[in-house]
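Next come the chains, spelled out residue by residue.
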Amino acid sequence: MPLSISMSNRTYSEIWADAQGGLNSLLTQELAEQVHPERDRVVFFQCLVTLYVRYVKIFRQLEEAYDQIVHPQKRRVIRAVLDGVMGRVLELKNEMVEKEFSEYHYMDDVIQDLKLTPTDIEIPIPRYFRNERNQVLQDREKMLSNTLKLMEGVEKPLSLEVHPLNFEEAVKLIQVSERARQGRLRAKFMREIQQDGERQRRAKDRDLAAINHAAVHIQKVWKGYQQRKKTKKDREEEMIFLGMALGSAHSQTCSSILAARANEACRRQRQNQHEEDFQKSIIAITDQLREVEGPDMKETMKDQIRQWFIECHNTTGSFPDYPDEEDGGSALIFSDKTPQQLIEELEEKEEDSKNPKVKDEKKDKAKKNEEEEEEPGLKMLPSAFLTDLDIGRKTFSSIWQNRNESKNFSQRHEAELIKEEKRKELEAEVRLQVDELMRQELANWKLAVDKDKGKAKGKTKKKKGSKIGKKKKKDKDLTADRSIQSLYQELIEQGLLKQAKAINLEDYLGDYSYLGTTLRQTDIEPMPSLSDVRQVIALYAVLPLGSQEVHEKAPLVKAILLAGPAGVGKKMLVHAICQETGSTFFDLSPLNLAGKYPGKSGLQMMLHMVFKVARLMQPSVVWIGDAEKMFYKKVPKEEKELDPKRLKKDLPKILKSIKGEDRILIVGTTQEPFNADLKSLCKVYSKVVLIPRPDYASRYVMWKQLIMKYGGTVTNMLDLSSLAKISDGYTQGHMVQVVQSVLTDRRIQQLSKRPLMASEFVKPLAKTDPVFQDEEEAFKNWYAKTPQGKKRAKAASGKDGEEEAPLKGDKAAKKGKK
């Protein structure tokens, strides 16, 4: 097939086929596990983890294929399956949290069994999140930058008023300056006297023996330096020869990699071109079908419906009632049922609508029978995505798996597939028109037949939806007379809507935790690594915000709290969420709200504007920095004027109003969660993510990447292992500050002559206070008091009999959606 070759020498269509093959086996396995519950909790969780890892692997393959395949119709099939796999990954993650009572899971044993690497289970961020909204994001950035420029022009220049000094202050200022001047002169004079004395002493001591001794010493040092340099060079050449190090030729980007990147960019351009042609063809083919096949289709339907009228009259002696539009209209007629069966089915539906109690009793009986038949044991929660995945599997096998595309060299759309799809849509459109005509015709037939029998005229059937229920009160729109642009501009001017920093999630550096499973088997709860934190943020925030379908069906997460010491990257993660999903960024931190929109009416207006714009410009992220201040047990005296608890009553109401179709996420960050009322805090933030200081592996990776980022070079002279060991207890923020202080412009210029040493970073590191053990223990103890922490502790102590009971039916589904 003429698709571009990936770096693994496989076409992207082959990658797609491999992913579909893996998905087929997974769906078969899941259906079998639903039939047979698992009684052993450990075995059940192991199956969950294995499913999760395999789905993530398929997720990575589908994301790669969708990003590079240029065929527009294939891309639509892949996109549907990709969203389904994303949603299934989120469901499995939610189920693992429910069963293990922890946000972090360690699966190094499963990775080893499946012969995978940690990179293979890294959650990828689909590139279509931003690529398919590129123009919208550019327009928003322009609007934001233009508004900020206007604000800069309007701002008044700072007044440079000089505070007048009184006589005593002026005298003191002059005295200080004069004493400083005299001190500098005295120091300069004494330095010159000392240098002269040193010169005279050296001149007296200089003799022939001293000169010879100095020459020998210089020769010894120079020869030693030369020999060490030669030995180092020989060792580097030996390591390159053995394949244990890369030479200078490999330090630059390989030409084949550059060519692959250029091909990827070219393929994306072809995707856009093929998509435009595809959309034009859809319009042209639809118009053609409507003109050519539409009239014949209409007449054929009329003839079939008339024939049904006659058959029903011959069978039952009377004309049938025409099916309602809600039931499918005339589509019910062409199902594989006899006229008598169809009439009985319609009558049953009418009885159920008249007697809802009977219908409910039937459902209750069916549920009881199902519960009685269910075997004891653990079963997975109902999935909202398995049906979509099964449809995608059938579409692939029936259309694309064995399709001959030898003539479609450029991978453009296929007109026959468009005709098949649009013919069904046209049939549904024509059916609505035919149903209106045939209802009237049936009424005329009944009128003509019943006229002789003296039956009442004009009896009309009540529609099921004719009952008038109580209308829900809609929230009053306080800004109905204002445009979205004016609201957007006002929020920018007030500093509530800001520009998110260009930070990707992969910039949050951290290595995988390789001993998590081993430690848990020895009853030691390991601290999560930064890689685990990155994974959790991708699952809870990035994937649901990026896809509308995933957000609507997956377990809904409305608010996340990021808790951890200062400098662990909480704000960085918030900006990364916005950057990866193209979200609008709002700042509702207590300090940012101080003095803005005062009073109860002002607060109501502000929240209305923020969440109205957030819904219209979704996806949106609402950041609340220092989230603990909103739930203070007692507000400190110095912060009473700021009124940090303004949003405490209104925020829970806002969370209730956020539905599955609203891609809005509230993210709180805190470095002092101990000061907040824990119960109120956890009611708002359903997910609490504890971010620890980096472990040894993460520190090693970070030192290397940070030094290279700020212009340094990593050589064999730099002992990164020792540096990572010494920096235990320091956060990412501390490490960034140290690297910036060492790698000045002058030091970067000296790198060719004087390579970096680990000792250079130790001195500024020693001047910084690390995260002490007491603070880390305080965070652990605080997290143990949260609902999830209590469940985890209860499970570890073996007192979780009720918690471990398998959930069944509607309760399990509801709990999974919380």
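The structure we're discussing is the one just above.
I will try to describe carefully the structure that is included in this document. Bear in mind that the values here come from a model prediction, so they are computed numbers and not experimental data. (Residues numbered from 1 in each chain as written. Predicted model: local features only at pLDDT ≥ 70, side-chain atom pairs only at ≥ 80, totals over all residues. Heavy atoms only, no water.)

1. Thoughts on the pattern of salt bridges
Selection rule: Put simply, a salt bridge is a Lys or Arg side-chain nitrogen that is within 4 Å of an Asp or Glu carboxyl oxygen. Helix and strand definitions follow DSSP, with helices as H or I runs of at least four residues and strands as E runs of at least two, each counted in order from the N terminus. For the exposure calls, accessible area comes from a 1.4 Å probe over protein chains only, and a residue counts as buried if that area is under 20% of its type's maximum, exposed if over 50%, partly exposed in between.
What the rule picks out here adds up to 36 salt bridges. Lys 394 is the partner of Asp 390 in a salt bridge, and the nearest nitrogen-oxygen pair spans 3.4 Å. Of this pair, Asp 390 and Lys 394 both sit in helix H13 (residues 386-400), separated by four residues, roughly a single helical turn. Between Glu 414 and Arg 403 there is a salt bridge, with the nearest N and O atoms lying 2.7 Å from each other. Of the two residues, Glu 414 is situated in the loop between H13 and helix H14 (415-450) and Arg 403 in the loop between H13 and H14; the sequence distance between them amounts to eleven residues. Owing to a relative accessible area of 15%, Glu 414 belongs among the buried residues under this scheme. Residues joined in a network through salt bridges with shared partners are Glu 63, Asp 67, Arg 127 and Arg 268.

2. A closer look at the pairing of strand S3 (residues 584-587)
Worth spelling out the cut-off: In this description, strands pair whenever DSSP reports at least two bridges between them.
Of the two faces of S3, the one holding Thr 584 and Phe 586 and the one holding Phe 585 and Asp 587 are both buried throughout. For strand S1 (residues 497-498) and S3, the ladder comprises two bridges, and the chain directions are antiparallel. Residue pairing across strands places Leu 497 opposite Phe 586, the latter belonging to S3. Relative to strand S4 (residues 620-624), S3 runs parallel, the two sharing four bridges. Of the residues in S4, the one forming a bridge with Phe 585 is Val 621.

3. Looking at the nonpolar core
Where we set the bar: Throughout, nonpolar core names a set of buried Ala, Val, Leu, Ile, Met, Phe, Trp, Tyr and Cys residues whose side chains join them through atoms within 4.5 Å. Any pair of residues with heavy atoms lying within 4.5 Å of one another is described as a contacting pair.
Of all hydrophobic cores here, the largest spans 105 residues; its most connected members are Tyr 52, Tyr 55, Val 85, Trp 703 and Phe 761. Those residues in contact with Tyr 52 that sit more than four places away from it in its chain are Val 89, Leu 92, Lys 93, Met 96, Met 107, Ile 123 and Leu 539. Ranked by size, the runner-up nonpolar core spans 47 residues in total, among them Leu 491, Leu 497, Leu 603 and Met 630.

4. Considerations on the environment of Lys 570
Inclusion rule: Pairs of N or O atoms within 3.5 Å make up the polar contacts considered here, provided that, within protein, one atom can donate a hydrogen while the other can accept it, and that residues adjacent in sequence are counted only when both atoms are side-chain atoms.
With respect to the helices and strands, the residue Lys 570 is situated in helix H19 (residues 570-581). Residue Lys 570 is classed as buried on the basis of its relative accessible area of 8%. Within polar-contact distance, the side chain of Lys 570 engages the backbone oxygen of Gly 564 at 3.1 Å. Polar side-chain contacts of Lys 570 include one of 2.9 Å to the backbone oxygen of Pro 565.

5. Here we look at the packing of helix H15 (residues 484-493) against helix H21 (residues 599-616)
Put simply, the rule reads: Note on geometry: axes are lines fitted to C-alpha atoms, helical ones only across the stretch in contact, with angles between N-to-C directions running from 0 to 180 degrees. Oblique is the label for every angle not falling under 35 degrees (roughly parallel), over 145 degrees (roughly antiparallel), or within 65 to 115 degrees (roughly perpendicular). Should the near helix be turned anticlockwise from the far one by less than a right angle, the crossing is termed left-handed; should it be turned clockwise, right-handed. Gly is placed with the polar residues, together with every amino acid not listed as nonpolar (Ala, Val, Leu, Ile, Met, Phe, Trp, Tyr, Cys and Pro) or charged (Asp, Glu, Lys and Arg).
For the pair H15 and H21, interaxial distance at closest approach is 10 Å and the crossing angle is 120°. As summarised for this structure, H15 and H21 are arranged oblique, according to the angle between their axes. As H15 packs across H21, the resulting crossing turns out to be left-handed. Only Met 609, Val 610, Lys 612, Val 613 and Leu 616 of H21 make contact with H15, whose side of the interface consists of Ile 484, Leu 487, Tyr 488, Glu 490 and Leu 491. By residue class, the composition of the contact of H15 with H21 is eight nonpolar, no polar and two charged.

6. Description of the packing of aromatic side chains
To be explicit about the condition: Pairing of aromatic rings covers Phe, Tyr and Trp, the last through its six-membered ring, and needs centres within 6.5 Å; plane angles under 30 degrees mean stacked, over 60 mean edge-to-face, and all others mean tilted. Ring-over charges, as used throughout, are those where CZ of Arg or NZ of Lys falls within 6 Å of the ring centre and within 35 degrees of the ring normal.
If you walk through the whole model with that rule in mind, you get eight aromatic pairs. Seen from their ring centres, Phe 674 and Phe 779 are 5.0 Å apart, and the 65° between their planes marks the pair as edge-to-face. Here Phe 779 lies in helix H29 (residues 773-784) and Phe 674 lies in the loop between strand S5 (664-670) and helix H23 (678-684), a separation of 105 residues in the sequence. Residue placement shows Arg 75 over the ring face of Tyr 66; its charged tip is 4.2 Å from the ring centre.

7. A closer look at the pairing of S5
So the rule is basically this: With the strands pointing away from the viewer, any crossover whose connection runs clockwise from the first strand over the helix to the second is right-handed.
The element S5 is extensively covered by neighbouring structure, given that seven of its seven residues are classed as buried. On S5, burial covers both faces: Ile 664, Ile 666, Gly 668 and Thr 670 on one face and Leu 665, Val 667 and Thr 669 on the other are all buried. Looking at chain direction, S4 and S5 are connected through five bridges and run parallel. When the sheet's bridge partners are listed, Ile 624 is paired in S5 with Gly 668. Between S4 and its parallel partner S5, the chain crosses via helix H22 (residues 650-657), and the hand of that crossover is right-handed.

8. Quick notes on the environment of Asp 108
Position of Asp 108 among the secondary structure elements: in helix H4 (residues 108-113). Along the sequence, Asp 108 and Tyr 514 sit 406 residues apart, while their C-alpha atoms lie 6.1 Å from each other. Among all residues touching Asp 108, those that are not within four sequence positions of it are Tyr 512, Ser 513, Tyr 514, Gly 516, Thr 517 and Thr 518.

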